[in-house]
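Topology and contacts: notes
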Amino acid sequence: MKGALSGIRVLDLSRILAGPWATQMLADFGAEVIKIERPGCGDDTRSWGPPYIKDSAGNDTEDAAYFHATNRGKRSVAVDITQPEGQAIIRELAKKCDVVVENFKVDGLAKYGLDYASLSAINPALVYCSITGFGQTGPYRARAGYDFMIQAMGGLMSVTGESDGMPMKTGVALADVMTGLYACNAIQAALIHRMQTGAGQHIDLSLLDVQVATLANQGMNYLASGKAPGRLGNAHPNIVPYQAFATADGHIILAVGNDSQFIKFCAIAGCNELAGNPLYSSNRERVKHRDQLVPIITQLMQQHSSDWWLQALSDQGVPCGPINTLDQVFDDPQVQHREMQLELPRSQGGSAPSIANPIKFSSTPIEYQGAAPGLGQDSRTLLQALLQLPDDNWDELKANGVLE
């Protein structure tokens, strides 16, 4: 069965994380994604290890696990876009593509004639997505932007970490990942618009904009109150009790989301008087009196083991969960049932582990085309098929370092 985006061809000029995350999802949905890489070294993340993917003999390959996290299902063409012949190849490919994704600095591709204005002139139906740190306009437009600094500038670090500790970034490059998700959504919306009008368009996507947009309730808390929220560690700014608690032998998450769940928790913990106390009987009051209530719950939680609490709370429908390490995550029966871990074939032989796309389509299920490609593995076959590149031209361009 064909994927939802079958027939869509994407020219992927992006590297690192945000852009490749978007194009990997498009590939998961059935699009043909042509990843353009630099001859010799390819995407920077190919070397961002260890760890590296193992070959069939159990030895390290040259491709880092990081690269494989964002590039499955793509075809790799190694082209030097700094050379005129390489630029000409990209322009010819752009004529035959529906989408271009790039994350060069603002105006970085204009000098090669590969910017939106240049490519849309030869393919007016092209959907062209530019991902930058700060966007195509504004006083910071020329600055480079990286996830870590964007988490800081965009406010995420100000609400992450313990109240008496230093601001912290998340354990995953979340600004990049979220930008990739926004890019994928925007591209599909633009493709629908093109179906209706025949016209492509330019998508200007900024990591900083995305970080501000995804402040979600914390951003709205500030706009509604005029008070900048601070760091609460594992606690929630709007719900109590909703945080990590120490038990007799570890830690668990207690996530009481409403007043009826709080009543159930109190019954399990043997403290029904808390539920009847007007200081704690509603979430509004529990948030207001957080500093009095949380120490009481902290003492109660330490009276039993993590397993005891998880079983007792789950039996009564009180949301809770363990704090899993990654080995425990992939051993979890629910994660395994949902088939969130994959083994994908590598073009060089053997297979590579992968984390599945979480979307379950009923009519157009995701069909994985394989693991991340080897550098330039599709250069010759794809360029000959799409551009009818003769063998003698291929040999000359390869000898001159334009292609690999």
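Up top is the structure these notes are about.
Before going into details, it helps to say that this report is about the structure given with it.

What counts as what
Residues numbered from 1 in each chain as written. Predicted model: local features only at pLDDT ≥ 70, side-chain atom pairs only at ≥ 80, totals over all residues. Heavy atoms only, no water. Buried < 20%, exposed > 50% of the residue type's maximum accessible area, 1.4 Å probe, protein only. Helix = DSSP H or I, 4+ residues; strand = E, 2+ residues; numbered from the N terminus. Arc of directions from axis to C-beta. Contact = heavy atoms within 4.5 Å. Pairing = 2+ DSSP bridges. Axes fitted to C-alpha atoms, helices over the stretch in contact; angles between N-to-C directions. Parallel < 35°, antiparallel > 145°, perpendicular 65-115°, else oblique. Left-handed = near helix turned anticlockwise from the far one by under 90°. Nonpolar A, V, L, I, M, F, W, Y, C, P; charged D, E, K, R; others polar.

Quick notes on helix α16 (residues 379-387)
- The complete set of buried residues in α16 reads Ser379, Leu382, Leu383 and Leu386. The buried residues of α16 occupy an angular sector of 95° when projected down its axis, which confines them to one face.
- Looking at the buried residues of α16, the elements they touch are β1 (9-12), β2 (32-37), β5 (75-78), α3 (84-95) and α17 (391-399).
- Just downstream of α16, Gln388 is the residue with a positive phi angle, here 55°.

Let's talk about the sheet that holds strand β11 (residues 320-322)
- Taken in spatial order, the three strands make up an open sheet running β9-β10-β11, and their pairing is antiparallel. The sheet is open, and its two edges are formed by β9 (242-246) and β11, each paired on a single side. This sheet shows a mean twist of 25° between the axes of neighbouring strands, independent of strand direction.
- Lying over the sheet, helix α13 (residues 306-315) contacts β10 (251-255) and β11, oriented at roughly 20° with respect to β10.

Describing α13
- What α13 keeps buried is the set Ser306, Trp309, Leu310, Ala312 and Leu313.
- Where α13 is buried, its residues touch β10, α9 (259-269), α12 (290-301) and β11.
- Downstream of α13 by one or two residues, Gly317 has phi in the positive range, about 75°.

Remarks on the packing of α9 against α12
- At a closest axis distance of 11 Å, the pairing of α9 and α12 adopts a crossing angle of 45°. By the angle class used here, α9 and α12 are oblique. Of the two possible hands of crossing, α9 and α12 adopt the one that is left-handed. Across from Phe262, Phe265 and Ala269 in α9, the residues of α12 making contact are Leu293, Ile297, Leu300 and Met301.
- Along the lines of polarity and charge, the residues of the contact of α9 with α12 split into seven nonpolar, no polar and no charged.

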